[in-house]
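Breakdown of the fold
So the chains spell out like this:
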Amino acid sequence: MKYYITCYIDYIRLHIACNSLIKLLAPFNKGTLSILTLFSLGLSFSNHALAAPFEVLHWWTEQGELQSKQVLVDHLKVNNIEFEDFAIVGSGGGGAIHVLQMRALSGNPPEAAQIKGPDIAEWNNLSMLVGINELTDTSAWQQFLPKVVIDDISVDNNYMAVPINIHRVNWLWLNTKIFKQYGLAAPTTWKQFFATATFLTSKGIKPLVFGGTPWQDALLFESIAISELGAEQYKQAFVEFNHDVISSPEMVNTFKLFKRFHRYATPEQQGQDWTWSSQAFINNEAAMLFMGDWVKGSWTAMGKKAMQDYQCIPAPGTQGVFSYNIDSFVLFKKAHLSPDQHSQSIFVDTLMSPSFQQDFSQLKGSLPARTDLDLSGFDACSQLSSTDFKHDSKVPSFTQNMATSSHQKAQIIQLISDYFNSDSLSAEDAVRQLGVLVKALTSK
Ligand code: GAL
């Protein structure tokens, strides 16, 4: 590894020296120049064989995520980029962001990092990011990226991240075996949901499984908020932080309805990540699960099939609304490599290529960020997701960092989770606390 890095640095020095020499010798004869040019080109060629490791921070560590990440590694390899893993497990990416902050503060960020939503602008404010337009020609992107994606990656009309996919968050997953066994219909309202859950409990079946961390509590809350507030008021509350909507009776109802789910919490789910609940669900230990469609990636990796082993429906009351989560990568300025952003350009072009976006999303459970691709090989849930994405109102998922910065999100989901797990806090008190918190988060 050391030899590799030394070679690469030597190559850069030599290449720069050689090019400077060509400029210096410009007034001299053409023969000398062509020998030097050939030498320099030869070095450029050898650069492809000796591409430096390209470090990428992400939090794809579960089996399905690992398979999708391997697609990224393979596509980069074809283009002579050696992917270097900087993976931080768990917490829906919360841990990864903290580690990234430490690395950036110490002046040693990776080449690229999985940063999404308003965090892109926050990192850009620190002048640490490379603008994507500096790396590649993005003039065609408008033609194949949907508006929500364009808005998500743009800061002051400049693209500051490369988007790869779109996950839907407001799904309810139904276990086919259990639903068939009891002849149950898919619940489309919360009333039907609780009736189905009560019936299943009476048969000794666990109706709902979920992990026990704040972001997972908040993911359930988010779907309930969409159903109780509607798309517009949801955005006013969680994107614009509109105080009237935050303190509205509909918000109190959202918290009350949310609390009714606490009866399905069990001691063993405390602290468990989403991988635990997704396994319990697919192993027929529980009938229903709320989770974004990355969970489908983990079932695909196990050979499970959409509509055979599990069904996907929008969370009750959220039909017609699509809460989105767009995975994207930012590129960091790397002082020692600044004269040569070649690898970062290849990284961006690879991630935006049709074949990568198709191969990746098919395993990841998402839709490609590009809307000009053939999805005929995608499973039935992705087909449904794609149709809904075209027609539904689209709202940014706040639990997935799409609506606010991750710092603001962390505070809000903690409040939601504390309320969920508290014996004494009323819905009215929680709403009051949310109002105070949002004021504090937005005061300058
Ligand atoms: C999300 C991310 C997804 C997914 C999930 C669980 O934040 O956008 O790609 O894999 O976390 O790790």
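In this report, the structure presented in the accompanying data block is examined. Going along each chain's sequence as written, the residues are numbered from 1 onward. Local features in this predicted model are restricted to residues whose pLDDT is 70 or higher, and side-chain atom pairs enter the listing and the counts only when it is 80 or higher, whereas totals over whole chains, interfaces and linings include all residues. Water and hydrogen atoms were dropped before computing side-chain values, which therefore reflect all heavy atoms in the structure.

**Some details on the packing of aromatic side chains**
Heads up, the condition is: Paired rings are identified among Phe, Tyr and Trp, the last through its six-membered ring, by centres lying within 6.5 Å, and are further divided according to the angle between planes into stacked (under 30 degrees), edge-to-face (over 60) and tilted (the rest). Counting from the N terminus, the helices are DSSP H or I runs at least four residues long and the strands are E runs at least two residues long. Throughout this description, buried means an accessible area under 20% of the type-specific maximum (1.4 Å probe, protein chains only), exposed means over 50%, and partly exposed covers the range between. The rule is short: NZ of Lys or CZ of Arg within 6 Å of the ring centre and within 35 degrees of the ring normal puts a charge over the ring.
In total, this model carries 35 aromatic pairs according to the counting rule given. For the ring pair tryptophan 173 and tryptophan 299, a centre distance of 5.5 Å and an interplane angle of 85° mean the geometry is edge-to-face. Of this pair, tryptophan 173 sits in strand β7 (residues 171-175) while tryptophan 299 is found in helix α14 (residues 295-301), placing the two residues 126 residues apart along the sequence. According to the relative accessible area criterion, tryptophan 173 is buried, its value standing at 0%. Ring centres of phenylalanine 238 and phenylalanine 398 lie 4.5 Å apart, and the angle between their planes is 15°; this geometry places the pair in the stacked category. Placement of phenylalanine 238 in helix α10 (residues 214-238) and of phenylalanine 398 in the loop between β12 (393-396) and α18 (406-421) is noted, with a sequence separation of 160 residues between them. We classify phenylalanine 238 as buried; its relative accessible area is 3%. Owing to a relative accessible area of 1%, phenylalanine 398 belongs among the buried residues under this scheme. Connected via pairs of aromatic rings, a cluster forms that spans Phe210, Phe221, Tyr234, Phe238, Phe255, Phe258, Phe398, Tyr419 and Phe420. The lysine or arginine in question, lysine 259, covers the ring of tyrosine 419, its NZ or CZ lying 4.9 Å from the ring centre.

**A closer look at α10**
Threshold: Each residue after the first adds 1.5 Å to the expected span of a helix.
For α10, which comprises 25 residues, the first-to-last C-alpha distance of 17 Å sits more than 12% below the rise-based estimate of 36 Å (1.5 Å per residue). Within α10, 18 of the 25 residues are buried, which leaves it mostly tucked inside the rest of the structure.

**Concerning the state of the cysteines**
Inclusion rule: Any pair of cysteine sulfurs within 2.5 Å is marked as a disulfide.
Under the defined criterion, the tally for this structure stands at one disulfide. Here cysteine 312 connects covalently by a disulfide to cysteine 381, the sulfurs 2.2 Å from one another. Measuring the twist about the S-S bond at about -110°, one finds the cysteine 312-cysteine 381 disulfide to be left-handed. Separated by 69 residues along the polypeptide, cysteine 312 in strand β9 (residues 310-314) and cysteine 381 in helix α17 (residues 380-391) bring together distant segments of the chain. For the residue pair cysteine 312 and cysteine 381, the accessibility class agrees, reading buried in each case.

**Focus: the packing of α10 against α18**
We apply this condition: Each axis is a line fitted through C-alpha atoms, taken for helices only over the stretch in contact, and angles between the N-to-C directions span 0 to 180 degrees. Roughly parallel means an angle under 35 degrees; roughly antiparallel, over 145; roughly perpendicular, 65 to 115; everything else is oblique. By the convention used here, residues are in contact when the closest approach between their heavy atoms is within 4.5 Å. Nonpolar residues are Ala, Val, Leu, Ile, Met, Phe, Trp, Tyr, Cys and Pro. Charged residues are Asp, Glu, Lys and Arg, and all others, Gly as well, are polar.
As a packed pair, α10 and α18 sit with axes 8 Å apart at the nearest point and diverge in direction by 85°. The angle between α10 and α18 falls in the class roughly perpendicular. Listed contacts from α18 to Pro214, Trp215, Asp217, Ala218 and Phe221 of α10 are Ile413, Gln414, Ile416, Ser417, Phe420 and Asn421. Its residues assigned to classes, the contact of α10 with α18 shows seven nonpolar, three polar and one charged.

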